[in-house]
Amino acid sequence: MRIRATLMAGICAGAFAVPAYAQDVTGDDSESGIAEETTSERVIIVTAQRQAQSLQEVPIAVSAFDTEALEAQQIENASDLQLTLPNVSFTKSNFTSSSFTIRGIGDLCVGVTCDSATAIHVNGSPLFGTRLFETEYFDLERVEVLRGPQGTLFGRNATSGVVNVVTAKPDLSGFGAAAEFEYGNFDSIKAKGMVNVPIGDAIGVRLAGFYLNRDGYTDNLYDGSQIDDRDMYAIRGSLRFEPTASTTLDFMGYYFREDDNRMRIQKQMCQRDPTGVLGCLANRLDFDKTNANSTLASVLTSQELFGLQGIPTSLALGSVYGPDGYANNVEPDDVRKVFTAFTPEYFSDEMQLQAHLDQGLGAMNLSLTGIYQETSVDSRQDYDLGILDRTGYAVALNTLQAFADNDLIFPGSSAYFSPIADALIPNGPNGALCTSNNLSESQGAFEGHSICNDVPLTFDRSNQDQTAWSAEAILSSDFDGPFNFLIGGIYAESEVSENSYYVNAFGLDYATGILGTFSALANEDDEGNPAPLPPSYLATSMYRNNTQDFKLKSYGLFGEVYFDITDRLKFTGGLRYNNDKKSVTARTTLASFLNPFSNDGDPFDSPFVGDYDADPGMPGNQLVQTRSVSFDEITGRAVLDYEISPDSTIYFSYSRGYKSGGINPPLSPIFDVQESFGSESIDAFEIGSKNTFLDGAAQVNLTGFYYKYKDLQLSRIVARTSVNDTIEANIWGVELETILSPSYNWLINMNVSYLNAEVAGDQFFSNPRDPGGGDPDAVIIKDLGNGSLCAVTGAGADAFINFLNPFFQLQGTTEFPDDSGIASSGAFGICNIYAAAAAGAIGAVNPDLAPLQPFIDSFGPISVLSPGVEVNLRGNKLPQAPEFKASIGVQYTAEFGSGWSLVPRVDVAMTGEQYGNVFNGNVNRIEPFVQANAQIQLNSPDQRFYVRGFVQNMFDSDSVTGLYLTDASSGNFTNIFTLDPRRYGIAVGAKF
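Residues numbered from 1 in each chain as written. Predicted model: local features only at pLDDT ≥ 70, side-chain atom pairs only at ≥ 80, totals over all residues. Heavy atoms only, no water.

Draft legend 1. Spatial organisation of the overall build of the protein chain. Helix and strand counts for the protein chain come out as 11 helices and 53 strands. Taken against the 2.2 N^0.38 rule, which gives 30 Å for 992 residues, the C-alpha radius of gyration of the protein chain at 31 Å falls within 12% of a compact globule. In terms of overall dimensions, the protein chain has a C-alpha envelope of 95 × 55 × 50 Å along the principal axes. Within the protein chain, the fraction of its 992 residues that count as buried is 62%. Sequence-distant contacts in the protein chain: of pairs separated by 6 or more residues, those separated by 24 or more amount to 70%. (Helix = DSSP H or I, 4+ residues; strand = E, 2+ residues; numbered from the N terminus. Rg over C-alpha atoms; globule rule 2.2 N^0.38 Å. Buried < 20%, exposed > 50% of the residue type's maximum accessible area, 1.4 Å probe, protein only. Contact = heavy atoms within 4.5 Å.)

Draft legend 2. The pattern of salt bridges, seen in detail. On inspection of all chains with the given rule, the structure shows 42 salt bridges. In this structure, lysine 289 and glutamate 331 form a salt bridge, with 3.1 Å as the shortest nitrogen-oxygen distance. Note that lysine 289 is positioned in the loop between β17 (267–269) and α3 (296–300) and glutamate 331 in the loop between α4 (303–309) and β18 (337–338), a separation of 42 residues in sequence. Overall, the relative accessible area of 2% leaves lysine 289 in the buried class. For glutamate 331, a relative accessible area of 8% gives the class buried. As a salt-bridge pair, glutamate 495 and lysine 551 come within 3.3 Å of each other at their nearest N and O atoms. Of this pair, glutamate 495 sits in strand β24 (residues 483–505) while lysine 551 sits in strand β26 (residues 543–564), and the two are 56 residues apart along the sequence. Judged by relative accessible area, which is 34%, lysine 551 ranks as partly exposed. In the salt-bridge network here, residues are joined through shared partners; they are Glu76, Glu136, Glu182, Lys190 and Arg983. (Salt bridge = Lys/Arg side-chain N within 4 Å of Asp/Glu carboxyl O.)

Draft legend 3. Spotlight on the pairing of strand β5 (residues 97–102). Note: strand β4 (residues 88–93) against β5, 6 bridges, orientation antiparallel. If you follow threonine 91 over to β5, its bridge partner there is serine 99. Hairpin connection, β4 to β5: the antiparallel pair is bridged by 3 residues, and phenylalanine 95 has positive phi, about 60°. (Pairing = 2+ DSSP bridges.)

Draft legend 4. Spatial organisation of the sheet that holds strand β51 (residues 960–965). Taken in spatial order, the 3 strands make up an open sheet running β17-β52-β51, and their pairing is antiparallel. Of all strands in the sheet, those with a lone pairing partner are β17 and β51, marking the two edges. Here the strands of the sheet are splayed against their neighbours by 30° on average, with no regard to which way each runs. Where β17 and strand β52 (residues 974–978) come together, 3 bridges link them in antiparallel fashion. Following the sheet pairing, methionine 269 is matched in β52 by threonine 974. (Axes fitted to C-alpha atoms, helices over the stretch in contact; angles between N-to-C directions.)

Draft legend 5. Representation of the sheet that holds strand β7 (residues 125–126). Ordered in space as β3-β8-β9-β6-β7, the 5 strands form an open sheet in which the pairing is mixed. Of all strands in the sheet, those bounded by a partner on one side alone are β3 (62–66) and β7. In the sheet, strand β6 (residues 118–122) pairs with β7 via 2 bridges, with the strands oriented antiparallel. Paired with histidine 121 across the strands is proline 126, a residue of β7.

Draft legend 6. Seen up close, the packing of aromatic side chains. Applying the stated criterion across every chain yields a total of 33 aromatic pairs. Relative to phenylalanine 828, the ring of tyrosine 321 lies with its centre 5.6 Å away and its plane at 85°, an arrangement referred to as edge-to-face. Residue tyrosine 321 is located in the loop between α4 and β18, and its partner phenylalanine 828 is located in strand β41 (residues 825–829); the two are separated by 507 residues in the primary sequence. A relative accessible area of 28% means that tyrosine 321 is categorised as partly exposed. The class of phenylalanine 828 is buried, set by a relative accessible area of 2%. Geometrically, the ring pair formed by tyrosine 393 and phenylalanine 506 is stacked, given 6.0 Å between the ring centres and 20° between the ring planes. Taken together, the residues tyrosine 393 in the loop between β20 (364–382) and α5 (394–405) and phenylalanine 506 in helix α7 (residues 506–521) connect sequence positions 113 residues apart. Residue tyrosine 393 is classed as buried on the basis of its relative accessible area of 12%. Each residue in the set Phe803, Phe807, Phe855 and Phe859 is aromatic and connected to the rest through ring pairs, giving one cluster. The residue whose ring lies beneath arginine 214 is tyrosine 217, and the NZ or CZ to ring-centre distance is 3.4 Å. (Phe/Tyr/Trp six-rings, centres within 6.5 Å; stacked < 30°, edge-to-face > 60°. Lys NZ or Arg CZ within 6 Å of the ring centre and 35° of its normal.)

Draft legend 7. Seen up close, a negative patch on the surface. On the surface, Glu524, Asp525, Asp526 and Glu527 cluster together into a negatively charged patch. With respect to the helices and strands, glutamate 524 occurs in the loop between α7 and β25 (536–539). (Patch = residues over 30% accessible without salt bridge, like charges linked within 9 Å, V, L, I, M, F, W, Y side chains within 5 Å. Areas by Shrake-Rupley, 256 points an atom, 1.4 Å probe, with all protein chains shown as cover. Lys, Arg positive; Asp, Glu negative; His and termini not counted. Charge placed at Lys NZ, Arg CZ, Asp CG, Glu CD.)

Draft legend 8. Molecular detail of α5. Taking 1.5 Å per residue as the helical rise, α5 with its 12 residues ought to reach 16 Å, and the 17 Å between its terminal C-alpha atoms agrees with that figure. Inspection of α5 places Ala396, Leu397, Thr399, Leu400, Gln401, Phe403 and Ala404 among the buried residues, and these make up the whole buried set. On its buried face, α5 sits against α6 (414–424), β21 (433–436) and α7. (Expected span 1.5 Å × (residues − 1).)

Draft legend 9. Structural detail: the packing of α5 against α7. It is at 13 Å that the axes of α5 and α7 come closest, and there the two elements cross at 40°. Here α5 lies oblique to α7, going by the angle between them. Remark: the crossing between α5 and α7 carries left-handed chirality. Here Ala396, Leu397 and Leu400 of α5 come into contact with α7, specifically with Phe506, Tyr510 and Ile514. (Parallel < 35°, antiparallel > 145°, perpendicular 65-115°, else oblique. Left-handed = near helix turned anticlockwise from the far one by under 90°.)

This is the structure we're talking about:
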């Protein structure tokens, strides 16, 4: 193994790893980052190839940040990390998730059974469902970021790359301690520290932790409160035991906890649709609210649906053709200002227990690592981030109260309506409105669990509990000759014991109560005589996509050989066998079966639960859907690296990446989506050159790459649930990274990268923003039965809808605004009715309409497509793949005769245009943004104390990092995710 010390060896691929406290320093992993001496040579050792090597020597695009570099560049978490790395981006996403994207590939697959494209490791061990990106970095040895597929050596494969967080280990040489206290705007208080204690000559103990508490970034104009605050802490304990010179045992325990009112979603945006069919239009994103008439709660409580069901329309909360609940809404043109009557709630925690053995065996080394992990997260937030106007509910609520107080249908009929009124309007029609406050058993308002407010509430909840463990063994050689090897194996298990996504709304509770009651009243016996069932509602009263159990069992066998063909030319070859088995038990419910009001326990104890079928793909009615899949694959890599000179190396590599497929969740209503999705594979070619010039004063690294993806996993929302498809993609790009030191006191780092990530070949999908697919003859239908969309196509589609709708007391088609981006017309209706009519079976819908069939047929061939007309994505850009990125950091060290030093530093990063959705277009465009940080630090003469002033996001940019489009039943609004606003403050620290 060749190891060469160079001036900038601690900075690979442009990741600026030089601290802001001294010109260049010998490694010191204290919390303060203050060095004890200045030197012109510094080597960071990384484990990118699962062996200790000089970072600059590794023939992989890898960046490493030690603790000083993290402090210098104000990299406090993964969101900050993206600003300094070429072709790397990070964003929060829906369902309490996040996506770390490397070279255009991130966690585009969303769901319990999805693997991460970017593998997250701690000390080399893979993490599952980790909340690591929510915490802050503290007491680390380094953070390594490997760009490109890493299937041969790391964890369970990684098609985009690996982030390996390496914690600081106990130092057996002596006592040490460090502490830092920071105060900033938003009344932010942060403290972190470390204590290192040797116990004899062979044992060392290290304790470290951090605490953060600050006020919220977002103003809630509804009640004047501040939300989106933070209150979290983490602690880590490490023990090192070195019984012999060739044996090292490391133990690590870690715990993180957050409990605050963090917002998962920063803001919602929408080009409001005045027709209500789409909710939001497809041309741009405005600071506006969706048309509430497009949402599931509105269509299920509409006069139009009640009329079709024979329910008195006076009980309906409104009409889809009338004013909607957001008609008079005024949305602030500020991502930090919202109106919400529901204060967000956020809780997460994680525990890690890890053990590692390094045992020297002569010229070989045996490494054994095991980790156990427990994670949980539970978050609730206003689903629409808005205030619904209840004015239009007045007639319905008064009518409900009248039905509850009087036997208006038959003697005793009030017993069918009083449970609804008691649960939803306990203080009468003009009092508070109550919404299900769900428990894990799907109990809601009708079981006595509710939240009441003067305005109708709509909120969601995302929660998950997971455990995981893995064990890995690696045997590597360090022979003197030209040949060396590494072989290993890993086994991992992960189990999700609970994962649910809920949507709760007053309108959904009301709909399930009224529709369930009239279903019970309409029941007939076998002879067709009226036989009302007990007073009941349709359970569950909230939407719930529930994974009751998910299990993963995975193992991999891998090996690499390293052969020095000549003194300068080296070959690396590796193979890996992967085997993954996944099983999942899940179900989706909303208004799925009758449940008597008298059953105040689990709704699934209902005597009518047998009418519910969670698995239409299996004969009979199933209460859960159970599926299992398995995948296996052989991957590998081959690398040639050539040392042109002691200061210049060039390498070429080919690698085969793989990520296993998974299982899509059951949907409600049922849509034609694949139950499972296949594995993702990538052929990756890379050429790179790493160079040091001018006696170490300049480092210039250049990398080019080409990826060919097969079955790239891509998520979309269908029926409020994330389902995954696969597409083909081609990706190529270049990365230029430089470090300059024009004089002893100056350090400058610069990165520039370009990325082209496109859908390859003909790939046809329906655009959820435009189900008409740009066809001017198509009619987009909002389905009153489930809130979804379909498209009616054919030259006579408009006439077809305009002829049929009046027979169902519905209006005909209407045109969308000229600037909508929608060429088709739209209407409210029932997609199944149109499908039957187009198939020549209108009589099956209503026998009285059978004579109309000849007239219907005269409109020509008609197709009803759900969820819409498919369009070709060929050539579209992949989401979260900015074309250009650039960053520059400038640092100057001023040394004074008294021994004091002053170190100012400025970092500026630009992220270019990208898209938040594979359908691209202006509505999915994420604008370029610039982030700038600055700090200045004063160091004491003995390098033990310091004072630092800092500012992050000095331009106070509202930088959007990602978009997430909701589904048709939610109104097609867009969630946006942003970086933090401007932060500034002062920190003091000490090291002993």
